[in-house]
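# Chain and residue survey
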Amino acid sequence: MAKPRPLEAVLASFAALLLGCAAVHAQQLTQQWTPQLTIAATEAAYRQIRIEVEFIPGAEIAGFEIWFADRDFAATDEAELHSTVLVADTSALERVGENIAFDRCWSDGLPIHRDAAGYPVVGFGTSSWSCSLSGMNPGVDQWIAVVPIGADGAPLVDSASLQPVPGRTDAADERTPPPDTRPVLYALSLVVLATASLLIILRWRDAARGRSKSRLAHIYVAPALIALATLTFYPILYGIWLAFTNADQSRLGDEAWVGLANFAAIFTGPGVGRVTLFTLVWAVSNVLAHVGLGLALALALNRPGLRGRMVYRTILLLPWAIPGYISVLAWNGMLQPDGLVNGLLGTGIDFFAGADSARAVVILVNIWLGVPFMMMVFSGALQALPGNMYEAAEIDGVSHLDQFRHLTLPNLKGTLVPVSLLGFIWTFNSFNTIYLLTQGNPHSGFGEPGATDTLITHVFAVAFEYGQYGVAAAWSVLIFALLIGLSWIYLKRTRVMEAAA
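Residues numbered from 1 in each chain as written. Predicted model: local features only at pLDDT ≥ 70, side-chain atom pairs only at ≥ 80, totals over all residues. Heavy atoms only, no water.

## Quick word on the overall build of the protein
For clarity, the threshold we go by: In this description a helix means any DSSP run of H or I spanning at least four residues, a strand means any run of E spanning at least two, and both kinds are numbered starting from the N terminus. Relative accessibility under 20% of the residue-type maximum defines a buried residue, over 50% an exposed one, and the middle range a partly exposed one, all with a 1.4 Å probe and only protein chains included. All accessible-area figures derive from a Shrake-Rupley calculation using a 1.4 Å probe, and residue coverage is judged against the displayed protein chains alone.
Broken down by element type, the protein carries 15 helices and 12 strands. In the protein, which comprises 501 residues, the proportion classed as buried is 35%. Accessible surface computed for the protein: about 29,200 Å², of which carbon and sulfur atoms make up 64%.

As structure tokens, this is what we get:
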């Protein structure tokens, strides 16, 4: 075998030295980026393992991925990703309560900051954080590894040679004692007793006035009236009671009286004026469109001599005949960037990305859903108007516009006013269209209503996403009072009830 030349030997030695230095440098960087993971065994809870992480801050670190498996592993493809903790500027972010998110995390001894998507975020310069990992199998070892990642999402350490740390939780499930249901039973008993007493008093008054034919009428209506009082009046009264308590997802059934604190929290909360204004715009614009378009279609279909009237009515009734949630979901798909609408227009517009466009979309879709019902109501009302009235107007030479203003509208007032009022209440309390189209998005900020949220969808989020039942009940009381007040003013101004009397 030929001996290597001196120059080749020198070059080979130099290359080996460079490779060795690079390996040492990479190992030093890996050691610098590798966080120190500790299992806090004394703070284990049911199906939860708390980890504490310490690391050396660096500009290269953009976050950490938490991987786990029920056996020892050396690479991430042998484990499952549990959570991601980001490293970013936290000056504009808020710390989120421990019971809000699935992965409870802390930094600097306080609940961790979270971004708009809900990811936990530690600030630049922070050197430690901790998380309580949920969903861990109790009674067996769980192997956990924390992998630092760069801005491109790639791991900063060798993800094929990890050294996970075993953790374990043997904590038993802590079941809360069943709530005391005696107050509920007492309240239901009082409702039933009050209803039965009212029926007895009415029966006694009929007997005193000699109404022998109504002797068994109260017995017949008693089951329905008691069921109505139990299923309607009791929930209303219970909701009013909750509005003055601190009821939430951890204290329901053990709530305490807090007075007007929930109402104060509503008026001082972020985005209250914005969501209230959009709710009024949503309700008024929908009702005006429903009534205006519905009346116009009814007038068009009620023209004498129109052929195919039943076909037109059937086609126009389809949007209302199809279940609403199916129609809304269909519109949701058609309005996506790759949906039918953009396909026909040859564009790729995201109608739900901007606040104004999303609001316009939900209003237009709800108008499309509600017009057929108003059309059918006004069609029936128009057919009930006497035809000789219009014949006399034609003989006198009254124009069609004057006939509409002076004959049709005054005679439709008894239908127009209550229908528009009911439409306003229904639209004000509408939930399906907005929730299925946008779920209140675009996002406006943590704890704030979304750009397309109305009062009803926001109350749903307060109750079932944030678990604040007392605040949600206070919102419900205010909405109920607002609708009662607006309805009273509307009926008072239109005087339709006085005309009916």
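## Digging into the pairing of strand β11 (residues 142-149)
The condition that has to hold: In this analysis, strands are considered paired if DSSP registers two or more bridges between them.
Extensive coverage of β11 is indicated by the burial of eight of its eight residues. Across the two faces of β11 the burial is the same, with Gln142, Ile144, Val146 and Pro148 and Trp143, Ala145, Val147 and Ile149 all buried. In this structure, strand β3 (residues 63-69) lies alongside β11, joined through seven bridges in antiparallel fashion. Looking across to β11, one finds that Trp67 is bridged to Ala145. Across three bridges, β11 lies against strand β12 (residues 165-167) in antiparallel orientation. Paired with Gln142 across the two strands is Gly167, which belongs to β12.

## Points about the sheet that holds strand β1 (residues 36-39)
One open sheet holds the five strands; their spatial order is β1-β2-β10-β6-β7, and the pairing between them is antiparallel. Two strands in the sheet have a free side with no partner beyond their single neighbour: β1 and β7 (110-111). By the bridge criterion, three bridges tie strand β6 (residues 104-107) to strand β10 (residues 128-134) in an arrangement that is antiparallel. Paired with Cys105 across the bridge in β10 is Cys131.

## Concerning the sheet that holds β3
Reading across the sheet, the seven strands line up as β5-β8-β9-β4-β3-β11-β12 and stay open at both edges, with mixed pairing between neighbours. Since the sheet does not close on itself, it has two edges, and those belong to β5 (94-95) and β12, each with one partner.

## Regarding the nonpolar core
Soluble, globular proteins show a tendency: their nonpolar side chains are buried together. Basically, it comes down to this: By convention a nonpolar core is built from buried Ala, Val, Leu, Ile, Met, Phe, Trp, Tyr and Cys residues, the set being connected through side-chain atoms within 4.5 Å. Throughout, a contact is declared for two residues whenever any of their heavy atoms are within 4.5 Å.
Residues Trp282, Val362, Phe428, Trp475 and Ile479 are the most contacted members of the largest nonpolar core, which totals 50 residues. Phe428 has contacts with Thr279, Leu280, Ala283, Leu455, Ile456, Ile479, Leu482 and Leu483, leaving out every residue within four places of it along the chain. Ranked by size, the runner-up nonpolar core spans 22 residues in total, among them Phe55, Val87, Val122 and Cys131.

## A word on the packing of helix α5 (residues 272-301) against helix α9 (residues 355-383)
Basically, it comes down to this: Each axis is a line fitted through C-alpha atoms, and for a helix only the stretch in contact is used; angles between axes span 0 to 180 degrees, taken between their N-to-C directions. Convention used here: angles under 35 degrees read as roughly parallel, angles over 145 as roughly antiparallel, angles from 65 to 115 as roughly perpendicular, and any remaining angle as oblique. Crossing handedness: left-handed means the near helix sits turned counterclockwise from the far one by under a right angle, and right-handed means the same turn made clockwise. Three classes are used: nonpolar for Ala, Val, Leu, Ile, Met, Phe, Trp, Tyr, Cys and Pro, charged for Asp, Glu, Lys and Arg, and polar for all others, with Gly counted as polar.
Look at α5 against α9: their axes get within 6 Å of each other, and the N-to-C directions meet at 40°. It follows from the interaxial angle that α5 and α9 lie oblique. Crossing angle aside, the handedness with which α5 passes α9 is right-handed. Of the residues belonging to the contact of α5 with α9, the class tally is 18 nonpolar, seven polar and two charged.

## A closer look at the side chain of Ser379
Tracing the chain through its elements places Ser379 in helix α9. When its relative accessible area of 3% is taken as the criterion, Ser379 is described as buried. If near-sequence neighbours (up to four positions away) are discounted, Ser379 is found in contact with Ala298 and Arg313.

## Concerning the state of the cysteines
Definition in use: For the purposes of this analysis, a disulfide is any pair of cysteine sulfur atoms at a distance within 2.5 Å.
Tallied over the entire structure, the rule returns one disulfide. One disulfide in the model links Cys105 with Cys131; its S-S distance is 1.9 Å. Between Cys105 and Cys131 the sulfur-sulfur dihedral comes to about 105°; the bridge is accordingly right-handed. Placement of Cys105 in strand β6 and of Cys131 in strand β10 is noted, with a sequence separation of 26 residues between them. In terms of burial, Cys105 and Cys131 fall into one category: buried.

## Some words on α9
The condition is simple: Expected helix span is taken as 1.5 Å per residue step, with the number of steps being one fewer than the number of residues. To get the bend at a given residue, fit one axis to the seven residues ending there, fit another to the seven starting there, and take the angle between those axes.
Over its 29 residues, α9 runs 43 Å from end to end, which matches the ideal 42 Å to within 8%, given 1.5 Å per residue. At Gly370, α9 shows its largest bend, some 30°, and a proline, Pro372, comes one to four positions later.

## As for the packing of aromatic side chains
Rules: Aromatic rings from Phe, Tyr and Trp, taking only the six-membered ring of Trp, are treated as a pair when their centres fall within 6.5 Å; an angle between ring planes under 30 degrees marks them as stacked, one over 60 as edge-to-face, and anything in between as tilted.
What the rule picks out here adds up to 15 aromatic pairs. With a centroid separation of 5.4 Å and 70° between ring planes, the pair formed by Tyr435 and Phe460 is classed as edge-to-face. One end of the pair, Tyr435, is in helix α12 (residues 432-437); the other, Phe460, is in helix α13 (residues 455-464), with 25 residues separating them in the sequence. The class of Tyr435 is partly exposed, set by a relative accessible area of 27%. For Phe460, a relative accessible area of 27% corresponds to the partly exposed category.

## As for the pattern of salt bridges
Rules: Any Lys or Arg side-chain nitrogen located within 4 Å of an Asp or Glu carboxyl oxygen qualifies as a salt bridge.
This structure, assessed with the given rule, holds seven salt bridges. Here Arg95 and Asp108 are joined by a salt bridge, their closest N and O atoms 3.8 Å apart. Taken together, the residues span a long stretch of sequence, with Arg95 in strand β5 and Asp108 in the loop between β6 and β7 at a distance of 13 residues. Here Arg359 makes a salt bridge to Asp356, at a shortest N to O gap of 3.6 Å. Residue Arg359 and its partner Asp356 are located together in helix α9, separated by three residues, close to a single helical turn. Accessibility expressed as a relative area gives 61% for Asp356, which makes it exposed. Counted as one network, the salt bridges with shared partners bring together Asp141, Arg168 and Asp170.

## Brief notes about the packing of helix α10 (residues 387-395) against helix α11 (residues 400-428)
Taken N-terminus to C-terminus, the directions of α10 and α11 make an angle of 155°; their axes are 11 Å apart at the nearest point. By the angle between their axes, α10 is roughly antiparallel relative to α11. For α10 against α11, the interelement crossing comes out right-handed. Between α10, through Met389, Tyr390, Ala393 and Glu394, and α11, the contact on the second element is made entirely by His400, Gln403, Leu407, Thr408 and Asn411.

## Re the side chain of Asp248
Mapping Asp248 onto the fold places it in the loop between α3 (217-242) and α4 (261-268). Not counting chain neighbours up to four residues away, the residues in contact with Asp248 comprise Gly467, Gln468 and Tyr469.

## Some words on the confidence of the model for the protein
We count it as follows: A residue's pLDDT is the confidence the predictor assigns to it, expressed on a 0 to 100 scale.
Looking at the protein, pLDDT values average 84 and 88% of them are 70 or higher. Here helix α1 (residues 6-33) stands out as the least confident element of the protein, with mean pLDDT 50; α5 is the most confident, with 94. Across residues 21-31 the pLDDT falls below 50, and counting only partners more than four positions away or on other chains, this stretch makes one contact in the model.

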